[in-house]
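Residue strings, one per chain:
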Amino acid sequence: MSTIDVTAVIDRRRLSGLQLLVLILAGCTIVLDGIDIQAIAFAAPAIASEFSLDRASLGPVFSIGLVGMALGSLVMGPVADRYGRRVAVLLSVTTFGAFTFLTGFASSLNEVLAFRFFTGLGLGGTLPSLVVLVGEYAPRRMRALCAGAVLAGVPAGGLIGGLLATWAIPNFGWPSIFYIGGGLPLLMLPILWFKLPESISFMVRRGASDSVKVRDIMKKIDPDGAYGPDVEFAQTAGEAAASRSVPFGKLFRDGMARNTLLLWTAFFTNLMAIYFLFSWIPTLLVGTGYTIAEATTASIIFNFGGLFGLFGMGWIVNRLEGATKLVIALALLIGAIHVALVGALATHLSLLLVAVFIAGVCILGTQGQLFNLGTTLYPVDVRATGIGWAAAFGRVGSVIGPLLGGVLILLELGMPAYFGFFGSLLLIGGIAILMMRLKSPKSETATEELPA
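Residues numbered from 1 in each chain as written. Predicted model: local features only at pLDDT ≥ 70, side-chain atom pairs only at ≥ 80, totals over all residues. Heavy atoms only, no water.

(A) Expanded view of the overall build of the protein. Within the protein, the regular secondary structure consists of 17 helices and 2 strands. Looking at the protein as a whole, 54% of its 452 residues qualify as buried. Pairs at least 24 apart in sequence give 82% of the contacts found in the protein among residues at least 6 apart. With the model as given, the accessible surface of the protein reaches about 18100 Å², and the carbon-plus-sulfur share is 68%. (Helix = DSSP H or I, 4+ residues; strand = E, 2+ residues; numbered from the N terminus. Buried < 20%, exposed > 50% of the residue type's maximum accessible area, 1.4 Å probe, protein only. Contact = heavy atoms within 4.5 Å. Areas by Shrake-Rupley, 256 points an atom, 1.4 Å probe, with all protein chains shown as cover.)

(B) Representation of the nonpolar core. Counting 118 residues, the largest nonpolar core has Ile200, Phe419 and Ile433 as the members making the most contacts within it. Among the elements that line this core, the one with the most residues is helix α12 (residues 257–288), at 17 residues. Leave out the neighbours within four places in its chain, and isoleucine 200 touches Val6, Ile10, Tyr137, Val214, Ile217 and Met218. (Core = buried A, V, L, I, M, F, W, Y, C linked by side-chain atoms within 4.5 Å.)

(C) Region of the structure containing the packing of aromatic side chains. Counted according to the given criterion, the structure contains 21 aromatic pairs. The ring of tryptophan 193 carries the charged tip of arginine 86 above its face, separated from the ring centre by 5.2 Å. (Phe/Tyr/Trp six-rings, centres within 6.5 Å; stacked < 30°, edge-to-face > 60°. Lys NZ or Arg CZ within 6 Å of the ring centre and 35° of its normal.)

(D) Examining unusual backbone geometry more closely. Positive phi is not limited to glycine here, since serine 52 has a value of about 55 degrees. Relative to the assigned elements, serine 52 resides in the loop between α2 (17–50) and α3 (59–83). The class of serine 52 is exposed, set by a relative accessible area of 67%. A positive phi angle, close to 55 degrees, is found at glutamate 412, a residue other than glycine. With respect to the helices, strands and loops of the structure, glutamate 412 is situated in the loop between α16 (380–410) and α17 (415–434).

(E) A nonpolar patch on the surface, seen in detail. There is a patch of nonpolar side chains on the surface, built from Leu330, Leu333, Ile334, Ile337, Leu341 and Leu427 and spanning about 470 Å² of accessible area. Broken down by element, the nonpolar patch gets its largest block of residues, 5 residues, from helix α14 (residues 324–344). Structurally, isoleucine 334 can be placed in helix α14. (Patch = residues over 30% accessible without salt bridge, like charges linked within 9 Å, V, L, I, M, F, W, Y side chains within 5 Å. Salt bridge = Lys/Arg side-chain N within 4 Å of Asp/Glu carboxyl O.)

(F) Representation of the side chain of serine 279. Among the secondary structure elements, serine 279 is positioned in helix α12. Here the side chain of serine 279 touches tyrosine 275 through a polar contact of 2.8 Å, landing on its backbone oxygen. Not counting residues up to four positions away in its chain, the partners in contact with serine 279 are Ala41, Phe62 and Pro402. (Polar contact = N/O pair within 3.5 Å; in protein donor to acceptor, adjacent residues only side chain to side chain.)

(G) Structural view of the confidence of the model for the protein. When pLDDT is averaged along the protein, the result is 85; 89% of the residues meet or exceed 70. Per-element mean pLDDT across the protein ranges from 52 in helix α11 (residues 237–243) up to 96 in helix α8 (residues 175–195). The low-confidence segment residues 440–452, where pLDDT is below 50, has 45 contacts with residues more than four positions distant or belonging to other chains. (pLDDT = per-residue confidence, 0-100.)

(H) Geometry of the pattern of salt bridges. On inspection of all chains with the given rule, the structure shows 2 salt bridges. Here aspartate 222 ties to arginine 13 by a salt bridge, and the two come within 3.2 Å at their closest N and O atoms. Here arginine 13 lies in the loop between α1 (6–12) and α2 and aspartate 222 lies in the loop between α10 (212–221) and β2 (231–234), a separation of 209 residues in the sequence.

(I) Quick peek at helix α7 (residues 153–172). Of all the bends in α7, the greatest, near 35 degrees, is centred on alanine 165. Residues of α7 that are buried: Gly153, Val154, Pro155, Ala156, Gly157, Gly158, Leu159, Gly161, Gly162, Ala165, Ala168 and Ile169. Trailing α7 by a residue or two, glycine 173 shows a phi angle of about 90 degrees, which is positive. (Bend = angle between axes of the 7 residues up to and from the residue.)

(J) Region of interest: the packing of α2 against α7. For the pair α2 and α7, the least separation of the axes is 7 Å and the interaxial angle reads 50 degrees. Classified by the angle their axes make, α2 and α7 are oblique. Crossing geometry of α2 relative to α7 is assigned as right-handed. Residues Ile30, Val31, Gly34, Ile35, Ile37, Gln38, Phe42 and Ala43 of α2 form the contact with α7, whose own contacting residues are Gly153, Val154, Ala156, Gly157, Gly158, Ile160, Gly161, Gly162, Ala165 and Ile169. (Axes fitted to C-alpha atoms, helices over the stretch in contact; angles between N-to-C directions. Parallel < 35°, antiparallel > 145°, perpendicular 65-115°, else oblique. Left-handed = near helix turned anticlockwise from the far one by under 90°.)

(K) Seen up close, the packing of α14 against α17. At their nearest, the axes of α14 and α17 sit 7 Å apart, and the two run at 175 degrees to each other. Comparing the axis directions of α14 and α17 gives the class roughly antiparallel. Its residues assigned to classes, the contact of α14 with α17 shows 18 nonpolar, 6 polar and 1 charged. (Nonpolar A, V, L, I, M, F, W, Y, C, P; charged D, E, K, R; others polar.)

(L) Geometry of the side chain of asparagine 270. Looking at the element boundaries, asparagine 270 is found in helix α12. On the accessibility criterion, asparagine 270 (0% relative accessible area) is buried. If near-sequence neighbours (up to four positions away) are discounted, asparagine 270 is found in contact with Leu332, Ile363, Thr366, Gln367, Leu370 and Leu426.

(M) Main features of the environment of aspartate 81. If you trace the backbone, aspartate 81 turns up in helix α3. Placed 121 residues apart in sequence, aspartate 81 and phenylalanine 202 show a C-alpha to C-alpha distance of 7.9 Å. Every residue in contact with aspartate 81, bar those within four places of it in the chain, is listed here: Phe202 and Arg206.

(N) Quick peek at the environment of threonine 288. Within the secondary structure, threonine 288 is located in helix α12. Taking relative accessible area as the criterion, threonine 288 reaches 31% and is therefore assigned partly exposed. Those residues in contact with threonine 288, other than ones at most four positions away along the chain, are Ala346 and Met415.

Okay, here's the thing in structure tokens:
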């Protein structure tokens, strides 16, 4: 009986129809994820008005969903590793779709907080599970590009959600954005149930090396291959080793401690700023005197800038080999200046929108490249663990950002101070990036960059 390496087959083939289907389904699901992440920001001014809340008290409303997202990532990761990526995706989408829909029925602040927490549990499990699933179906040469395309679904969802909110909320009230944001994922569920395949790498690792399902999937990926009943399937040894858990302490050995702490700093500060902007832009601009539609337009522009930045910075990094560190640091510098300008130009809508767009390009684009930079800092045996812990530390920043915004607003420091503070955090992140040493003393493989 012969043995075929499924990873090697995927790596040498062009994308098949099945692999494109996985990418499309993942991308569409993450767009819905992005709509629901930012739905609360679009609805917040109207919620504050209906429940007679002051602006500062909205901080917990924004952050409770992010706490749920952090816990959802921790819970659904083991579910995906034990029961399958497909199972984790279906559970996550069901959770965030159902609780987003229920948020539209909330009649008190406590109900909003409870529904947003459970929404966050689902949102937090969706993106990591789908990024892993897409990565395990993508050829090695295209994995970073495919992951970037999936990550772009978050700002794309924010852009679409903002457009929906500018139409729905003025006409049908704030619950309408939650009915739309929750209903679409629930309608997507039957499509995912029937069309989204389980990861073939997961199935092989779990012992289905000669199952009919694995054989059928391989025939779709490689129609020219001979996959008869006398063939068993295996996974590349390096891929299997990389998929196993790695002790946390290894991130601080062999000269990696410095880069680990600096990468955590960059993730932390960047996500603090991103989620402050995601959460507070509409509410702060409404407080300045703009209409809900004008304030939501600023969020739309921010997300559009993020889409441009995710693909644009990837293009630049691909063409300036070895310049990832400098590109990220420069982007954070420019982003810091323009985040500060958002506060300084708060009374000039046209100029404000330009500053918001450039801020979106730089800081959302940077977030995609921080994952890429992580691949250059760690050898393959600790790479997934290193990036995973950096992302987790960044998630802490995403929770603190909206809460800290609420504290600053409570102090009534003014728009320039709010945005100037978060701009200064981006400068700290840029300095951290410049202080990194891209070559690990013990591993030359850590300097090997993947495509953006």
